[in-house]
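Commentary on secondary and tertiary structure
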Amino acid sequence: MEFGLMFFASSEDSLSGNIYELVKQCAIYGDENDFSSIWVPERHFTEFGGVYNNPAILHAAIAGVTKRIKLNSGSVVLPIHDPIRVAEEWSMVDNLSNGRVGLSIASGWNPNDFVFFPDHYANKHQVMYEGIETVRRLWNEEAIERRGGNGKTSQVRIYPSPVQKQIPLYITTSGNPEGFEKAGSLGLNILTAVLDQTLEDLSEKIVLYRKKREENGFDPSTGKVSLMLHTYVGEEETSTKEEARKPYCDFLKRNRGLLNGLAQNRNSSFSIDSLSEEDMDEFVNFLYDRFATTKGLIGSKESCMDMVEQTEAAGVDEIACLLDFGPPSYKILENLEHLRQLKEVYSVSKTTV
């Protein structure tokens, strides 16, 4: 099992000082302590995660302070970009990092994000897959045809040439089995989450994914499945879970779309919009108690060991540890040491079995 570090920043308020300093410090720590990757998302026009509006720019900065750790987008919302520009930007980061980038691609869901390309919203999944093919071709140093300002078509290719001959590409998908099957069919990796599914559900989808890889001529064992888990590993289980409670509950409140979906899963007639503030607090605390045990790495390294084992048993290859869901920066940095110990103890336990 690999362990990566992921960021999503619920708000600027959750970060102190330079809002990107935490990411850089965690990246340096991860680089020095054999963490597999740094994942940075793309979000626009919202306090919830909006400090990460361009993962390529942030990873260009991280490339200069790290040497080994993979620099992954989690994710690039491809339908709101020209894929040529995406390939150009990330080829530059690939050069800056000496061949360490990876791209997870998402279709997007928020209509407001599509102000860049409004016409893409209705067919966002089709646009995404067409864009993936364009990025792949350009990364392979092929030229593609485009029309210029004079109305004439010409062949364009990207510079600088990427360091990696093939870019690691992921599809960001969660509840929909079709996303897993499509990724398998195309030979892509997977970035997923369990906020709106169980580990059992995920395990079934990973089986579908491996099957589709094999059916389409790809080695089923080489496709990589990375799972985002909210992570807060401390010294002692009970106190650590209580420290993470308010930040996690605030995270749920901010992520209203997720909360609506979770509410509907409980009862189709239930609406969080009708809840009083007191009832809302009760609801998110109920969710936290369940999530902290079954859908996150929250607690002591000893209590989190079982979750890591279940995750690996489900077919996951890497845990992308979401760090900045609300705890203060200094606690996140302090707790990296406990996360490192969990990673290393788990690795030793697997090699001695």
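Figured I'd write up the structure that's included with this text. The residue numbers shown here count from 1 along each chain, following its written sequence. The predicted nature of this model means local features are confined to residues of pLDDT at least 70 and side-chain atom pairs, given and counted, to a pLDDT of 80 or more, with totals for whole chains, interfaces and linings taken over all residues. Each side-chain value is worked out from all heavy atoms of the structure, with water and hydrogens disregarded.

**Remarks on the layout of surface pockets**
What counts, and what does not: For cavity detection a 1 Å grid was placed over the protein atoms alone, and a set of points counts as a cavity when a 1.4 Å probe fits there but cannot get out; an open set counts as a pocket when protein lies on both sides within 12 Å along at least five of seven lines, with lining residues being those that have an atom within 4 Å of a point. Grid points are joined across faces, edges and corners, and a volume is the space filled by probe spheres set on the points. Following the grouping adopted for this structure description, the nonpolar residues are Ala, Val, Leu, Ile, Met, Phe, Trp, Tyr, Cys and Pro, the charged ones are Asp, Glu, Lys and Arg, and the polar ones are all others, Gly among them.
Its volume calculated, the second largest pocket comes out at about 290 Å³. Around the second largest pocket sit 14 residues that line it, and Arg136, Gln166, Ile167, Leu169 and Gly187 are the ones nearest its centre. Residues belonging to the lining of the second largest pocket are distributed by class as follows: 6 nonpolar, 5 polar and 3 charged.

**Remarks on the pairing of strand E9 (residues 225-234)**
Filter applied, for reference: In this scheme, a residue with accessible area under 20% of its type's maximum is buried, one over 50% is exposed, and one in between is partly exposed, where area comes from a 1.4 Å probe on protein chains only. A run of DSSP states H or I qualifies as a helix once it reaches four residues; a run of E qualifies as a strand once it reaches two. Both are numbered from the N-terminal end. When DSSP finds at least two bridges between two strands, those strands are taken to pair.
Counting buried residues along E9, 10 of its 10 residues qualify, which places the element largely inside the surrounding structure. The sheet contact formed by E9 and strand E11 (residues 318-322) spans 5 bridges and is parallel. Bridge pairing in E11 links Met228 to Ala320. Sheet topology places E9 next to strand E10 (residues 296-300); 5 bridges connect them, and they run parallel. Across the sheet, the residue bridging to Tyr232 is Ile298, located in E10.

**A few points about the pattern of salt bridges**
As a reminder of what qualifies: By definition, a salt bridge exists where a carboxyl oxygen of Asp or Glu is found within 4 Å of a side-chain nitrogen of Lys or Arg.
Across all of its chains, the model carries 20 salt bridges by this definition. The residue Lys24 makes a salt bridge to Glu21 at a minimum N-O spacing of 3.9 Å. With Lys24 and Glu21 both in helix H1 (residues 21-32), this residue pair falls 3 residues apart, about one helical turn. Lys24 gets classed as partly exposed once you look at its relative accessible area, which sits at 27%. With a shortest N-O distance of 3.3 Å, Glu334 and Lys331 are connected by a salt bridge. Taken together, the residues span about one helical turn, with Glu334 and Lys331 both in helix H11 (residues 329-351) at a distance of 3 residues. You can call Glu334 partly exposed: its relative accessible area is 43%. Through salt bridges with shared partners, one network takes in Arg85, Glu88 and Glu89.

**Quick notes on the packing of aromatic side chains**
Each aromatic ring pair is summarised here by two numbers: the centre-to-centre distance and the angle between the ring planes. Here is the rule we go by: Centre distance within 6.5 Å is the pairing criterion for rings of Phe, Tyr and Trp, where only the six-membered ring of Trp is used; planes under 30 degrees apart are then read as stacked, over 60 as edge-to-face, and the remainder as tilted.
A full pass over the atoms with the stated rule returns 9 aromatic pairs. Ring geometry for Phe114 and Tyr121: centres 5.0 Å apart, planes at 75°, overall edge-to-face. Classification of Tyr121 as partly exposed rests on a relative accessible area of 29%. On the numbers, 5.6 Å between centres and 65° between planes, the contact of Tyr248 with Phe325 is edge-to-face.

**Brief notes about H1**
The following threshold applies: Multiply 1.5 Å by the residue count of a helix minus one, and that product is the helix's expected span. Any two residues having at least one pair of non-hydrogen atoms within 4.5 Å are treated as being in contact.
Here H1 spans 17 Å end to end across 12 residues, near enough to the 16 Å set by a 1.5 Å rise per residue. Inspection of H1 places Leu22, Val23, Cys26, Ala27, Tyr29, Gly30 and Asp31 among the buried residues, and these make up the whole buried set. For H1, the elements touching its buried residues are strand E1 (2-6), strand E2 (37-40), helix H2 (55-63) and H11. Asp34 lies just past H1 and shows a positive phi near 65°.

**Here's the deal with the nonpolar core**
Note that soluble globular proteins tend to have their nonpolar side chains buried in a common cluster. Filter applied, for reference: Residues belong to one nonpolar core when they are buried, are Ala, Val, Leu, Ile, Met, Phe, Trp, Tyr or Cys, and are joined through side-chain atoms within 4.5 Å.
The biggest cluster of nonpolar side chains holds 69 residues, and the ones touching the most others in it are Leu5, Phe7, Trp90, Leu103, Leu297, Leu323 and Leu339. Residue contacts for Leu103: discarding those within four places in its chain leaves Ser73, Val76, Val86, Trp90, Val135, Ile167, Pro168, Leu169 and Tyr170. The next biggest cluster of nonpolar side chains, apart from the first, holds 26 residues, and it includes Met228, Leu287, Phe291 and Leu322.

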